[in-house]
Amino acid sequence: LVLAEPMELYCLGDKPWQPCYVLKTNELSIMFDCALDLNGMLKFLPHSLVYSLHLSSLSKWQPKDSTISSPNMFRENVDHVFVNSMPMMKLPEIGLVDFSTVDVILISNNHSMLALPYITEQLNFKGQIYTTEPCLQYGRLLMEELCEYVNQQVMTTSSAVVNSDQDLSQLMRFLPSTQDDDEYTNVWRSLYSMEEARESLLKVEPVAYLQRIPLCGGVEVVPVSSGFCLGSCNWLVKTTHSKVCYISSSSMLATHPQPLEKTYVTSCDVMILSGLTEAPMAHPDAMLGEMCGRIAHTLHNGGNVLIPCYPSGVLYDLLECIMGYLDMQGFSAIPVYYISPVANSSLAHANIYAEWLSDAKQSRVYLPEAPFPHDGYVKSGRLKCFNTTHGELCQQYSTPCVVFTGHPSLRCGSAVHLMEAWRTNANNTVLFTEPDFDYLHALAPFQPLSMKAFYFPVDPRLNFQNANRLLKELKPKQLIVPEAYISTAHDKTLLPEMQCQTIKRCSVVTIATETGSHDAGMDPQLARQLVPKPVVAKDVGSASSITCLIERRDNHMTLKPHPPGYAGGKLWGKLSIDKTIQMLKEEYNILDVHAETDGEDQLVRLVVFTCVIVDSRHFLTCQF
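Reading the values: the criteria
Residues numbered from 1 in each chain as written. Predicted model: local features only at pLDDT ≥ 70, side-chain atom pairs only at ≥ 80, totals over all residues. Heavy atoms only, no water. Helix = DSSP H or I, 4+ residues; strand = E, 2+ residues; numbered from the N terminus. Buried < 20%, exposed > 50% of the residue type's maximum accessible area, 1.4 Å probe, protein only. Contact = heavy atoms within 4.5 Å. Areas by Shrake-Rupley, 256 points an atom, 1.4 Å probe, with all protein chains shown as cover. Expected span 1.5 Å × (residues − 1). Arc of directions from axis to C-beta. Core = buried A, V, L, I, M, F, W, Y, C linked by side-chain atoms within 4.5 Å. Pairing = 2+ DSSP bridges. Axes fitted to C-alpha atoms, helices over the stretch in contact; angles between N-to-C directions. Salt bridge = Lys/Arg side-chain N within 4 Å of Asp/Glu carboxyl O. pLDDT = per-residue confidence, 0-100.

Student: Which parts of the structure should I look at to understand the overall build of the chain?
Tutor: In terms of helices and strands, the chain carries 16 helices and 36 strands. For the chain, the residues scored as buried account for 51% of the 624 residues in total. The contacts in the chain between residues at least 6 apart in sequence include a share of 70% that link residues at least 24 apart. For the chain, the exposed surface amounts to about 28900 Å²; the carbon and sulfur share of it is 51%.

Student: Help me out: how do you make sense of the environment of D285 in this one?
Tutor: Residue position: D285 is located in helix α6 (residues 284-300). Among the residues examined, D285 registers a relative accessible area of 57% and is labelled exposed. Separated by 173 residues in sequence, D285 and V458 have C-alpha atoms that sit 8.0 Å apart.

Student: In this structure, what is going on with α6? I would like to understand it.
Tutor: Spacing of three or four residues puts side chains on the same side of an α-helix, whose turn is 3.6 residues. For α6, spanning 17 residues, the distance from its first C-alpha to its last is 24 Å, which sits close to the expected 24 Å at 1.5 Å a residue. Taken as a whole, α6 has its buried residues at P284, M287, L288, M291, C292, I295, A296, T298 and L299. Looking down the long axis of α6, one finds its buried residues gathered within 170° of arc, a one-sided arrangement. Contacts made by the buried residues of α6 are with β18 (305-308), α7 (314-328), β21 (402-405) and β22 (429-432). G302 sits one or two residues past α6 and shows a positive phi near 80°.

Student: In this structure, what is going on with the nonpolar core? I would like to understand it.
Tutor: Among soluble globular proteins, nonpolar side chains are generally buried collectively. Counting residues in each nonpolar core, the largest one holds 71 residues, and the members touching the most others are F32, W235, I295 and F404. Of the residues forming this core, the biggest block, 8 residues, is contributed by α7. Grouped together as the second largest cluster of nonpolar side chains are 68 residues, C20, L36, Y149 and Y192 included.

Student: Is there a simple way to think about the sheet that holds strand β20 (residues 383-386) in this case?
Tutor: Hydrogen bonding along the main chain pairs the strands of a sheet, whether they run parallel or antiparallel. Taken in spatial order, the 6 strands line up as β20-β19-β21-β18-β22-β23 in an open sheet, and their pairing is parallel. Across the chains shown, the open sheet's two edge strands, defined by having one partner strand only, are β20 and β23 (452-455). Taken over all neighbouring pairs, the strand axes of this sheet differ in orientation by 20° on average, direction set aside. Across 2 bridges, β18 lies against β22 in parallel orientation. Bridging across to β22, L306 finds its partner in V430.

Student: Would you mind going over the pattern of salt bridges with me for this structure?
Tutor: Summed over the entire model, instances satisfying the criterion amount to 17 salt bridges. Across the salt bridge formed by E220 and R212, the nearest N and O atoms sit 2.9 Å from each other. A relative accessible area of 22% means that E220 is categorised as partly exposed. Between D436 and R461 there is a salt bridge; the shortest N-O distance is 3.5 Å. Of the two residues, D436 sits in the loop between β22 and α13 (439-443) while R461 sits in the loop between β23 and α14 (464-474), which places them 25 residues apart along the sequence. A relative accessible area of 8% places R461 in the buried class. Shared partners join several salt bridges into a network, and the residues in it are D14, K15, D37 and K90.

Student: Sorry, what's going on with the confidence of the model for the chain here?
Tutor: Should the pLDDT be low somewhere, the predicted coordinates at that spot are not to be read in detail. Of all residues in the chain, 84% have pLDDT values of 70 or greater, and the mean over the chain is 85. Here residues 608-624 is a poorly scored stretch, pLDDT under 50, and it has 21 contacts once near neighbours within four places are set aside; other chains count.

As structure tokens, then:
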């Protein structure tokens, strides 16, 4: 049989660096990643582990023409309005795809799996989930830290209470137009519990690089290293006649994980490219150099340094670079603190996944030495790890110091407490390294601010220049990229030389693939009905006409006889326009139908239904 294999790609994610896609092919639905849009946390007021007089005294804000009765629902500071409630999470689009029909979820890195508990525990997903072992464990640490920060915060006594997720979605509509850039206000949810996160992670099956994973429908998937962080991977999807590559959050820089694997993703039929850097003009090496100089200047003036960060990934490179620099500059006596509920677990995991590290890091294991220097700093007491800012830390705390802690949004965690404690001292400095958050928006609730703030994004992911070079090397036949990646700025756009389609949230792209031949079996009952006759004119032996059903299951096709009573005929002969119009009217109740003549052709024009859609923003009339 010769059949076309059309594919459809659904985009559920809002931002290219927080992806979520669903690929439908061969009766199989594959989800790539399920990231949370943590940037939405910036819409909320920070909540500290202890009572904050400054945050509690911010001006109240009342939206115009609203029915909100609580005067504490919104607070305002330096032209920014914040929702005065516990931070809530913005999910991928949940109305475009029925999650119960998704067969498998493929996770590319630990940052792209934070929405997984919503899908598995609340949206009726019953399929398989695959990712690498390091990705699974670091995803667990990210979820544990986020749950600890959000679910165990101390609300101020004047905080408003949002009764339900639906109430929150309504509240978002009242934010000023300059801040309410989110047209999808129905996807806000309270953060899942740690129990839900653990139950979700139990459903994940860890895999290794280059492991061939067979799926139903004759599809095979293979994870290959992406070079971004420990265990991060790109995915190769192989169907009977096509090869699809999902490239997300990849890096060509020489850092601690295994390098980007290119061999398996070369010359694919379709490439889905996402997760490029959000700081394309900032080179990580230059940012690290400037950051180290700023830290030394702050410590020389007797100030403290705060670095809000995630508990994995770039953190290991920051610790190695900054602590080595401080030793060379004579600041060996300056204490360095790492504060996180998962601090010890994070540093320990970095040393036990030697096979997932770069060759340079792996070689240290056989000396034997720890692959990362932070292991030696912890043993010597140079680097001190604590779960929170209270308790044991209070007994060992001394200044000036350097503190790594979360959350990088400055909306929860120990970073909020330290910002409140250090904000009035001009000698102190806060350094932002995560490009996912607008640092000026993150600082807005803490204004007026005396401490210095600097933005040094350290993001090893591909920039546009490297991505263009990679595309020339990999040579995919078709490319699908987020709409935001195709712009007019030469240094901030992709310049693909192959067929390219763009995609954005809530859109669907149809992917045309080459037609291929498929083997099909024949039901014995059907075979007995065939009466071959010689075909003398064509000299091809014998042939027989056949009318049957094609049953397709798990990409295996079988020709079967029609059920008893089937009255369908063979589709050939001259079509009667009058009979066609009469059938449309009588059997399908389509009354607005008539025939037209266009030269030698006859056309049948019909209106199936007319609908008028009216809301506060649109007036649309459609005819089908």
